[in-house]
Amino acid sequence: MYPRGHFIGPKGKGHLFRVEQAGDQDMSSILALALFGTSVRLRQWIFHGALDATSGRGDLLLSSSPAHITITEFLDSPMVLPDSVTAIESAVGEIKAQSKFAGIAMYLEPSAGSMVFFYVHLEIKLNMDFIRNVAIVGAGGNSGRHIAEALLATGKHEVTAITRGDSTTTLPEGIKVKKVDYTDHDGLVEALKGQDALIITLGVMAPPTADEVLTRAAAAAGVPWVLPNDWSCATDDSVLRDVPGLGKVPRAAALVAEAGRSSYISVATGFWYEWSLSMEVGYGFDIVNRAATFYDNGETPMSTSSWPQVGRAVAALLSLPVEAPADGGPSLSAYRNQQVIVRSFVVTQKDMFASLLRVTGTTAADWKVTSQASDARYEAGGKLIADGQLRAGFGTLLYARLFYPDGSGVFYGKATINAELGLQEEDVDTCTRAAVERAKSAAAA
């Protein structure tokens, strides 16, 4: 058993680490540790070893789940300071290098009962850390807003919205804002400096160069993690071949790897449920006019996510330790440069229809129900694109292709990381209710 403790003290002004008694360990050696000038987020430390109370010398290993820290150097003689946080904060250490910084160690001298401080040189061996600063492009959008709110709700992250200078979009409360010109590379780099992660959420009609501009700026700014604009369905070769324009999804991840400074995690969510159910071009339902079009027989399963679930998934992912804990468990590094899959649930169109009947209090007789072969609907989408109706054509073609009975709608059976992130399967009717309200609002607009 070793003494354990926790951080206290005002944010941004250093932290006082207060040690508490644990077991029979001698507490006369170390009482507290105050650290300054470091961005390392440490949650809980375990003290191993002891300092010599007479000379102030010794080799003390402080280990924790986020990091291993070794005191490697002491001043020749201790300096005695008053027992006050103000005095501690006045002794701010100088950062020596990226992985080294200075700080203050103090212990309780049993004979005199006084606080004695030692200026020490600490070397951090970062074997695990946590993401703190997160930038989001598209924080005012449908998925981006839920992601930002979920990150803020954890209390573990500082969230910054990267927006255009002329943007008037309302953003979640508590989010920081940096306005940029997306054509100004240097300005983007400056806005992204100090960020631990960049999340890109852009609409399907965003400029084709947007991903590359943001990815290269993140690399130049030294952002270690990027979640690219890949909130997608299955992107296997056959789907990419059949859906023009969808190829930019894996391309966004490849850009991160090419830049060579950041790691990516592509979060595949499947189609957004409340968005897709609220429009006929999506899951085939015209809720306001009570019409349903089944792809084929309406029994093709679809992996889908609600916007709140997407937010929870990203917040849980970015709250994982960067490196795996000693006792095992998920980590960001385990998913480095990979696509991961999350979902709310798997449903067929007939499941969705049953939920709509429950939520709206209607019966099947109240609806006009038809069916269309998924490949025929796919061809219809291609004709719309050829006629210049790009948005409607792309949506029709994309959804029809993912409703092919080939497993593409459920990522060909690939596993999710829901369990690793602590995500529960959502209630279908609750999500359907949100889609119904969205459809009604769109019709009234």
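Residues numbered from 1 in each chain as written. Predicted model: local features only at pLDDT ≥ 70, side-chain atom pairs only at ≥ 80, totals over all residues. Heavy atoms only, no water.

Some remarks on the sheet that holds strand β22 (residues 345–347)
- The strand order β17-β20-β22 describes an open sheet built from three strands, whose pairing is mixed. Because the sheet does not close on itself, it has two edges, and the strands there are β17 (271–272) and β22. (Pairing = 2+ DSSP bridges. Helix = DSSP H or I, 4+ residues; strand = E, 2+ residues; numbered from the N terminus.)

Observations concerning the sheet that holds strand β18 (residues 285–286)
- Strand order in the open sheet made by the three strands is β18-β19-β23, with mixed pairing throughout. Pairing within the sheet leaves two strands with one partner each, and these edge strands are β18 and β23 (368–372).

Points about the pattern of salt bridges
- Taken as a whole and assessed by the stated rule, the structure comprises 13 salt bridges.
- The salt bridge involving E280 is made with R377; its shortest N-O contact spans 3.1 Å. Of this pair, E280 sits in helix α8 (residues 280–283) while R377 is found in helix α11 (residues 374–386), placing the two residues 97 residues apart along the sequence.
- The salt bridge involving R358 is made with D429; its shortest N-O contact spans 2.8 Å. Note that R358 is positioned in helix α10 (residues 349–360) and D429 in helix α14 (residues 428–444), a separation of 71 residues in sequence.
- Accessibility expressed as a relative area gives 51% for R358, which makes it exposed.
- Among the residues examined, D429 registers a relative accessible area of 16% and is labelled buried. (Salt bridge = Lys/Arg side-chain N within 4 Å of Asp/Glu carboxyl O. Buried < 20%, exposed > 50% of the residue type's maximum accessible area, 1.4 Å probe, protein only.)

Notes on the side chain of R377
- With relative accessibility at 6%, the residue R377 sits in the buried group.
- Side chain to side chain, R377 and Y295 meet in a polar contact 3.2 Å long.
- Within the structure, the side chain of R377 is placed 3.4 Å from the side chain of Q372, a separation counted as a polar contact.
- Aside from chain neighbours lying at most four places away, what touches R377 is E280, V281, T293, Y295, Q372, T396 and A400. (Polar contact = N/O pair within 3.5 Å; in protein donor to acceptor, adjacent residues only side chain to side chain. Contact = heavy atoms within 4.5 Å.)

Points about the nonpolar core
- Counting 35 residues, the largest nonpolar core has I199, L317 and L318 as its most contacted members.
- Taken together, the elements giving at least two residues each to this core come down to β11 (133–137), α2 (142–154), β12 (158–164), β14 (197–200), β15 (225–227), β16 (263–268) and α9 (307–318).
- Looking at this core element by element, the count peaks at seven residues for α9.
- Apart from residues no more than four positions distant in its own chain, L318 is found in contact with I131, V134, L151, H157, A197, I199, L227 and L332. (Core = buried A, V, L, I, M, F, W, Y, C linked by side-chain atoms within 4.5 Å.)

Some thoughts on the environment of G409
- With respect to the helices and strands, G409 occurs in the loop between α12 (390–402) and α13 (418–421).
- G409 sits in the buried class, given a relative accessible area of 4%.
- Residues G409 and T300, 109 residues apart in the sequence, show an inter-C-alpha distance of 7.8 Å.

Observations concerning the environment of I136
- In this structure, I136 sits in strand β11.
- In the structure, I136 is positioned 64 residues away from I200 in sequence and 6.0 Å away in space, judged by C-alpha atoms.
- If sequence neighbours within four positions are ignored, I136 has contacts with G144, I147, A148, L151, V159, T160, A161, I162, I199 and T201.

Quick notes on the packing of aromatic side chains
- The final tally for this structure, using the stated rule, is 14 aromatic pairs.
- For the pair Y273 and F345, a centre-to-centre distance of 5.1 Å together with 85° between the ring planes defines the contact as edge-to-face. Here the residue Y273 occupies a position in helix α7 (residues 273–277), and F345 occupies one in strand β22, the gap between them amounting to 72 residues. Accessibility classification places Y273 together with F345 in one group, the buried group.
- With centroids separated by 5.5 Å and ring planes inclined at 80°, the aromatic side chains of F353 and W367 adopt a geometry described as edge-to-face. Taken together, the positions of F353 in helix α10 and W367 in the loop between α10 and β23 put the pair 14 residues apart, joining distant regions of the chain.
- On the basis of relative accessible area, F353 is assigned to the buried category, the value being 9%.
- Ring pairing ties together the aromatic residues F271, Y273, Y283, Y295, F345, Y399 and F403, which thus form one cluster. (Phe/Tyr/Trp six-rings, centres within 6.5 Å; stacked < 30°, edge-to-face > 60°.)

Topic: α14
- Taking 1.5 Å as the rise per residue, α14 with 17 residues should run 24 Å; its terminal C-alpha atoms sit 25 Å apart, in good agreement.
- For α14, the set of buried residues is V428, D429, C431, T432, A435, V436 and A439. On an axial view of α14, the arc spanned by its buried residues comes to 155°, and they lie on one face.
- Buried residues along α14 sit against α7, β22 and α10. (Expected span 1.5 Å × (residues − 1). Arc of directions from axis to C-beta.)

Some details on unusual backbone geometry
- Positive phi, close to 55°, is recorded for N337, a residue that is not glycine.
- Within the secondary structure layout, N337 lies in the loop between α9 and β21 (338–341).
- Backbone geometry at Y412 places phi at a positive 55°, although glycine is not the residue there.
- Relative to the helices and strands, Y412 resides in the loop between α12 and α13.

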